[in-house]
Amino acid sequence: MSFREAIEREMAKQRRMQLATDEGRWRARKRFGQHFLEPAWADKVVDAIAPLPDDRFLEIGPGPGILTTRLASRVRELTAIEIDRDLAARLTPSLPPNARMLVADVLSVDLAPMTSDGPLRVAGNLPYYVSSPIIFKLIESARRTRAIPDATVMLQLEVAERLIATVGTADYGVLAILTQLHADVTRVLTLPPGAFRPMPKVRSAVVRLAFRPPAVDIGDQTTFERLVRTIFTQRRKTILNALRPFAEPLGRDPASALARAGIDSRRRPETLDLRELAALAQRLHEA
Ligand code: SAM
């Protein structure tokens, strides 16, 4: 083999290796819910997040960093939490000095210490397989710390609709009630499947949760949450029948609790608004 042939062979090998690295870099792992945002949509999503120069941000699931780099360039400080250690290792060297990476499952991270230096805003294109537990974690962290003003997150459209659902609609249920108790929820952007690689089967939406003190006094939180979860597993029944599996094991009379809360026992669970659910939970707790 001539010297020239050897050089060309070596260059071809390096090109193949580079190609493999580039493809490998963005290869999505299904088990981590990876659907990467296309660059054409990234600026729209960052504008929807509406970052300000003095903000401190937590980004959940930075992946290859398409939102991370844009967001970091517009805020004071950013912490990214990524579960996939390979993606995190690739992204970390290109992070600007005001951004840091935590390799962890966001569900196992205590967010409270991150709020000790001031308010922490949250953003992320969430992994859809675990988006509801992440939302509940954010609500709980915001409630406990009172230092998380908002979370702007990408969700599958169906989940977004369940978050913003109003009383009396088919989507109204546990997710809407437990979220709207603690946050004003608005949809800020809708995206087609083609906005991601690989394409998910569903449409997506960016939703903002603006956290605030509870909309109504629910009394005992555990009673309220258990009540809501129980009656909405039986939403076709009347509220009287849907309430029985919750009230009777506690030795409470469901008909009398409903009467004392001023609720007609023939109504369906999905017709009860936050104020009525709170009144019912309080009557059941005190009975
Ligand atoms: N932000 C990137 C984008 O918009 O292209 C990636 C979004 S992708 C839908 C979700 C990201 O969350 C992936 O990078 C995935 O590895 C990460 N992820 C999945 N489960 C996670 C968890 N429990 N904690 C932290 N990150 C997680």
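It should be noted that the structure appears before, not after, this text.
Description of the structure in this document. Please read these numbers as outputs of a predicted model, since none were measured by experiment.

## Some thoughts on the overall build of the protein chain
Each helix and strand in the protein chain was counted, giving eleven helices and nine strands. Rg of the C-alpha trace for the protein chain: 24 Å, well past the compact-globule value of 19 Å for 287 residues, more than 25% over. Across its three principal directions, the C-alpha atoms of the protein chain cover 95 × 40 × 30 Å. In the protein chain, of all internal contacts separated by at least 6 residues, the share reaching a separation of at least 24 is 66%. A gap of 3 Å separates the mean positions of the 43 positive and 34 negative side-chain charges of the protein chain.

## Details of the packing of aromatic side chains
Aromatic rings in a pair are described by how distant their centres are and how their planes are angled relative to each other. Following the criterion strictly, the structure yields one aromatic pair and no others. When the ring of Y172 is compared with that of F232, the centres are 6.0 Å apart and the planes differ by 80°; the resulting orientation is edge-to-face. Separated by 60 residues along the polypeptide, Y172 in the loop between α6 (157-164) and α7 (174-180) and F232 in the loop between α8 (221-231) and α9 (239-247) bring together distant segments of the chain. When the ring centre of W41 is taken as origin, the NZ or CZ atom of K44, which lies over that ring, is 4.7 Å away.

## Some points on the pattern of salt bridges
In the structure shown here, the tally under the stated rule is 20 salt bridges. Between R76 and D54 there is a salt bridge; the shortest N-O distance is 3.5 Å. Taken as a pair, R76 in the loop between α3 (66-72) and β3 (77-82) and D54 in the loop between α2 (39-49) and β2 (56-60) lie far apart in primary sequence, 22 residues in all. A residue is classified by how much of its surface remains accessible, and R76, at 42% relative accessible area, is partly exposed. Its relative accessible area of 57% is what places D54 among the exposed residues. For E140, the salt bridge goes to R143, with nearest N and O atoms at 3.0 Å. Placement of both E140 and R143 in helix α5 (residues 131-145) is noted, with a separation of three residues, approximately one turn of the helix. Among the charged side chains, a network of salt bridges with common partners joins D55, R121, D150 and R208.

The rules behind these values
Residues numbered from 1 in each chain as written. Predicted model: local features only at pLDDT ≥ 70, side-chain atom pairs only at ≥ 80, totals over all residues. Heavy atoms only, no water. Helix = DSSP H or I, 4+ residues; strand = E, 2+ residues; numbered from the N terminus. Rg over C-alpha atoms; globule rule 2.2 N^0.38 Å. Contact = heavy atoms within 4.5 Å. Lys, Arg positive; Asp, Glu negative; His and termini not counted. Charge placed at Lys NZ, Arg CZ, Asp CG, Glu CD. Phe/Tyr/Trp six-rings, centres within 6.5 Å; stacked < 30°, edge-to-face > 60°. Lys NZ or Arg CZ within 6 Å of the ring centre and 35° of its normal. Salt bridge = Lys/Arg side-chain N within 4 Å of Asp/Glu carboxyl O. Buried < 20%, exposed > 50% of the residue type's maximum accessible area, 1.4 Å probe, protein only.

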